[in-house]
Every structure is written in structure tokens, then in C-alpha cells.
Amino acid sequence: MIDVLYFAWVRERIGVPREQVATDAATVAELIEELKAREERYALAFSDLRALRVAVDQELTDFDASLAGAREIAFFPPMTGG
């Protein structure tokens, strides 16, 4: 099981702030494909990956990052400075 966290509009579209997911995905991209196949709300949230950032175990990374040994994945929109 892996903890998946959703922030800002990603959380609003999916409807939950976090969930535990059983997955065989090897990469973040594979996990996204599994989630998109679940329900339309996931497909909508992950429809444009250019509008998303991801962190694996609280480290910013790319969608091709490995999930080996990962405990937490977080999805959020790009952050702006201020």
C-alpha cells in the first residue's frame, strides 16, 4: 500500500485529500494510468500532466520516477512564488 495525497484543485476534482492505494505500478506514470482507469474523476484530475507536479516521499520528482520503496506520493499544481 502506498499513501497518495492530493492538494488544491487536484483534491477538489478527486474528492478526497488522501487515500491508500494498492498498486503494482513501477513508476509514477504507471500509477497515474491505474488511477485514471478507476473513475472519471481521476481521469479528469490527471488529464493534463503539464498542470501537475509530483513528489515521492516528499521529494519533487518527474512522472517517470520509480516507486520502488516509496511510501507516499503527492500530486499538486505548480507553485508560484510570492
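Residues numbered from 1 in each chain as written. Predicted model: local features only at pLDDT ≥ 70, side-chain atom pairs only at ≥ 80, totals over all residues. Heavy atoms only, no water.

1. A word on the overall build of the protein
Alright, step 1. The secondary structure content of the protein amounts to three helices and five strands.
Alright, step 2. Reading the protein from its N terminus to its C terminus gives the helix and strand order β-α-β-α-α-β-β-β.
Alright, step 3. Taking 12 Å as the expected radius of gyration for a compact globule of 82 residues, we find that the protein reaches 12 Å, a close match to that expectation.
Alright, step 4. Once the C-alpha set of the protein is aligned to its principal axes, its extents read approximately 35 × 25 × 20 Å. (Helix = DSSP H or I, 4+ residues; strand = E, 2+ residues; numbered from the N terminus. Rg over C-alpha atoms; globule rule 2.2 N^0.38 Å.)

2. Concerning the sheet that holds strand β5 (residues 72–76)
Alright, step 1. A sheet is described by the order of its strands in space; here five strands give the open sequence β2-β1-β5-β3-β4, paired in mixed fashion. Looking at strand neighbours, the two that pair on one side only are β2 (18–21) and β4 (59–61), the edges of this open sheet. The average angle at which neighbouring strand axes cross in this sheet is 25 degrees, direction not considered.
Alright, step 2. With four bridges joining them, strand β3 (residues 53–56) and β5 adopt antiparallel strand pairing. (Pairing = 2+ DSSP bridges. Axes fitted to C-alpha atoms, helices over the stretch in contact; angles between N-to-C directions.)

3. What to know about the pairing of β3
Alright, step 1. Where β3 meets β4, three bridges bridge the pair, whose relative direction is antiparallel. The residue bridging V54 from the neighbouring strand is T61, located in β4.
Alright, step 2. A loop of two residues connects β3 with β4, the two strands running antiparallel in sequence, and D57 in this loop sits at a positive phi of about 50 degrees.

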